[in-house]
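Structural overview for review
Residues per chain, in single letters:
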Amino acid sequence: MRFDLVLADGRVLDGCGNPWFWGDVAIQGGRIAEVAPAGTLQGQETIDVGGRFVAPGFIDVHTHSDLSILVNRRAESAVRQGVTTHIIGNCGMSPAPVDEDHFDEMRNFWGRISDQQEVTWRWRTFDQYLKTLQRGGLAINVASLAGHAALRMAVMGLDARDPTPSELDRMEELLTEAMEAGAFGLSTGLVYPPGCFAGTDEIIALGQVVSRYHGLYASHIRGERETILEAVAEAIRIGREAGVPVQISHNAPKFGAPCDATANLRLVEEARARGQDVTVDNDVHTDLGPPLTGGLPQYIQERPVAEISALLQNPATRSQIREEIVLDRWPAFGPAGLLKHGQWHRITILHAPKSQDVVGQTIETIARKRGQDPFDVYFDLIIENGHDAEAIFDYIDEANIRILLQHPAVMICSDGQALALYGFLNDPPPYSPCSYGEFPGVLARYVRDEPVLTLEGAIRKVTSFPAQRFGLMDRGVLRPGAWADIVVFDLERIRDRATNLYPHRYPEGIDYVLVNGVLVVEGERHTGALPGKVLRHQIKTSEASETSEV
Ligand SMILES: [Zn+2]
């Protein structure tokens, strides 16, 4: 028997955490046909991998590639890391469903990328969006959650109130439609507008819809600093009362948290001990590069820039906004803790097109030079630059990242998006270490250079474990019958070359990447192939498999 392709003489990592062995992996018709001792399999084509590691392609459970992958279907920054599947629709943000009456809010919500021609916004339903994704081809597989913010916006815009009973009914209908179309579950972003305006009961009601379809609940919880333990407890309660598995997203405590990560993980362990299926993901970066406007109170963030500027220019509303940031009534996203606690030396300006002289400086330094209060500097930069003012917020203690990495119920995600070193996605170059370097970075730093994780353990956390979590039972393992999503890497050479300096670069040491049996990355080259599939969640029946393609 000669197979389509054989990856010969590799150190095979099965994805389940077992020690590697010398083996050949044969591919036929997009799937793995055989895994056998090295030197035993013959292919029409053979790639001698010369002792490099052969592993299942990485599954990134927490990304925001929903629109960026339409702009760059080659998914450059993802696939070059060895990533073969992205879960999108996270943190409550999915670009569908869309309601005509609230279309403008949805477009604004996604910012500048909304205006790109590839982002047609011709879809309205979740199904139409998934079809748009598939139609032009994709380099990697994509599976989507239905975002709570999208559901809420479609029904009640950005209103800061509870839904009426009929509004909640409508959200449930839209979610049912999304689950029927193949959403893998519901995501929330309970620190962002409009998710932060939703009460626990609203989420439980929606979770009950997800439960009927055996989906999962993934949450950017209601505060990851002062309120982290209450927020983890809320996520667990939602899972329990709705009857759905829970995935707590990027769960590192952020600056201002009263405890280290062992405390939030203990709540997860206790829930699991009671028989509740709760798991966690986390990325390994200590900083983030959002717009400065993300630090404003949520009911202001989504307003037109002119309105935000007017509020900040008026001394009375300016001081009121300042008080609200410190009060943190609706717990704001992690980086805002640096404002609340006056950690101005940890905020470094990344982009400010109208204030070029301050790029690369901290708010503390700028304040000293200008003889101004740091809050005033922060607000003035927003007035000058609108949403284009972005900063690097250094807000996570690396010790917490290590604690999370080593916990068996924690998988690894990027919290990034598919980007590219050219075109709109690099203009201006966004904050990106997570998007360009997450997975090679973990293997280089926390496996090879410092033994935080074993190689097999790290691979499990980015392959079979996330596959199991999302019901992708025929991916994430090197076993006959599984889809041939495969990465070949050189552990000696592997490194992410993604820093906060420009230009960004793709990683090194990822030598081959196959998606559904097709070669997409060969050394430094993207082959241009688009073999990725839009995966749709289905309830298992005797005929249908757990997932299927469009
Ligand atoms: Zn998030």
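Read on for a plain summary of the structure. (Residues numbered from 1 in each chain as written. Predicted model: local features only at pLDDT ≥ 70, side-chain atom pairs only at ≥ 80, totals over all residues. Heavy atoms only, no water.)

1. A short note on the overall build of the protein chain
Within the protein chain one finds 19 helices and 23 strands. On C-alpha atoms alone, the protein chain measures out to a radius of gyration of 23 Å, which is about the 24 Å that the 2.2 N^0.38 rule sets for 550 residues. Referenced to the eigenvectors of the C-alpha coordinate spread, the extents of the protein chain come out at roughly 80 × 55 × 50 Å. Burial statistics for the protein chain: of 550 residues in total, 63% are counted as buried. The long-range share in the protein chain, meaning contacts at least 24 apart out of those at least 6 apart in sequence, stands at 75%. Per element, the accessible surface of the protein chain, about 19600 Å² overall, is 49% carbon and sulfur. (Helix = DSSP H or I, 4+ residues; strand = E, 2+ residues; numbered from the N terminus. Rg over C-alpha atoms; globule rule 2.2 N^0.38 Å. Buried < 20%, exposed > 50% of the residue type's maximum accessible area, 1.4 Å probe, protein only. Contact = heavy atoms within 4.5 Å. Areas by Shrake-Rupley, 256 points an atom, 1.4 Å probe, with all protein chains shown as cover.)

2. A word on the side chain of H102
In this fold, H102 is placed in the loop between β7 (83-88) and α3 (103-110). Judged by its relative accessible area of 18%, H102 falls in the buried class. A polar contact of 3.3 Å, which involves the side chain of H102, links it to the side chain of E105. Apart from the residues lying within four places of it in its own chain, the contact partners of H102 are M153, A154, V155, M156 and G157. (Polar contact = N/O pair within 3.5 Å; in protein donor to acceptor, adjacent residues only side chain to side chain.)

3. Here we look at the sheet that holds strand β11 (residues 216-220)
Read from one edge to the other, the open sheet built from six strands follows the order β9-β10-β11-β12-β13-β17, with strand pairing classed as parallel. The two strands at the open ends of the sheet, each matched to only one other strand, are β9 (146-147) and β17 (410-412). Sheet topology note: the β9/strand β10 (residues 185-189) ladder contains two bridges and is parallel. Residue pairing in the sheet places A146 in a bridge with L186 of β10. Across the sheet, helix α7 (residues 200-212) touches β10 and β11, and the angle it forms with β10 is around 155°. (Pairing = 2+ DSSP bridges. Axes fitted to C-alpha atoms, helices over the stretch in contact; angles between N-to-C directions.)

4. A few points about the nonpolar core
Core analysis: the biggest nonpolar cluster contains 147 residues, and L133, L443 and F489 have the highest contact counts within it. Apart from the residues lying within four places of it in its own chain, the contact partners of F489 are L13, R52, F53, A55, F58, L443, L455, I459, I494, G509, I510 and D511. Listed in part, the 18 residues of the second largest apolar core include L5, V25, A484 and V488. (Core = buried A, V, L, I, M, F, W, Y, C linked by side-chain atoms within 4.5 Å.)

5. Quick notes on the coordination of the zinc ion
Bound to the zinc ion on the protein side are C91 (SG), H220 (ND1) and H250 (NE2), at distances that span 2.1 to 2.2 Å. Along the chain, the residues that donate to the zinc ion are spaced as C-x128-H-x29-H. Separated by 129 residues along the polypeptide, C91 in the loop between β7 and α3 and H220 in strand β11 bring together distant segments of the chain. Classification of C91 by relative accessible area gives buried; the value is 3%. (Donors = N, O, S within 2.8 Å, 3.2 Å for Na, K, Ca; no water.)

6. As for the pairing of strand β5 (residues 53-56)
As paired elements, strand β1 (residues 2-12) and β5 share two bridges and run parallel to each other. The partner of R11 across the bridge, within β5, is F53. The sheet contact formed by β5 and strand β18 (residues 486-489) spans four bridges and is antiparallel. Note that in β18 the partner of P56 across the bridge is I486.

7. Observations concerning the pattern of salt bridges
Applying the stated criterion across every chain, the model contains 35 salt bridges. Measuring nitrogen to oxygen at the nearest pair gives 2.9 Å for the salt bridge that ties R161 to E167. Looking at E167, the relative accessible area reads 15%, which means it is buried. Put simply, R272 and D277 hold a salt bridge, and the shortest N to O gap is 3.7 Å. Of the residues examined, R272 reaches a relative accessible area of 39% and is grouped as partly exposed. Using a relative accessible area of 34% as the deciding quantity, one classes D277 as partly exposed. A cluster of three or more residues bridged by salt bridges with shared partners is formed by R52, D490, R493 and D511. (Salt bridge = Lys/Arg side-chain N within 4 Å of Asp/Glu carboxyl O.)

8. Quick notes on the packing of aromatic side chains
Evaluation of the coordinates by the stated rule reveals 15 aromatic pairs. Seen from their ring centres, F375 and F379 are 5.7 Å apart, and the 40° between their planes marks the pair as tilted. Here F379 and F375 lie together in helix α15 (residues 374-385), a separation of four residues that amounts to about one turn. With respect to burial, F375 and F379 carry one shared label: buried. (Phe/Tyr/Trp six-rings, centres within 6.5 Å; stacked < 30°, edge-to-face > 60°.)

9. Details of the sheet that holds strand β14 (residues 287-288)
Overall, antiparallel pairing links the three strands, which are arranged β14-β16-β15 in an open sheet. The open sheet terminates on both sides in strands that have one partner only, identified here as β14 and β15 (347-351).

10. Quick word on the packing of helix α11 (residues 305-313) against helix α12 (residues 315-327)
For the pair α11 and α12, interaxial distance at closest approach is 5 Å and the crossing angle is 95°. Between α11 and α12, the crossing angle belongs to the class labelled roughly perpendicular. Contacts between α11 and α12 involve A310, L311, L312 and Q313 from the first element and P315, T317, R318 and I321 from the second. By residue class, the composition of the contact of α11 with α12 is five nonpolar, two polar and one charged. (Parallel < 35°, antiparallel > 145°, perpendicular 65-115°, else oblique. Nonpolar A, V, L, I, M, F, W, Y, C, P; charged D, E, K, R; others polar.)

11. Here's the deal with helix α4 (residues 126-135)
Turning to α4, its buried residues number three or more, namely F126, Y129, L130, T132, L133 and Q134. Trailing α4 by a residue or two, G137 shows a phi angle of about 80°, which is positive.

12. Some remarks on unusual backbone geometry
That bond from P193 to P194 is cis: its omega, -5°, falls within 30 degrees of zero. Summarising the element assignment, P194 is placed in the loop between β10 and α7. A cis amide bond, omega 0°, links D427 with the succeeding residue P428. With respect to the helices and strands, the residue P428 is situated in the loop between β17 and α17 (433-449). With phi around 60°, D9 is a residue other than glycine that occupies positive phi space. Turning to its location among the elements, D9 is positioned in strand β1. With phi around 55°, H214 is a residue other than glycine that occupies positive phi space. If you trace the backbone, H214 turns up in the loop between α7 and β11.

That is the geometry; function is a separate question.
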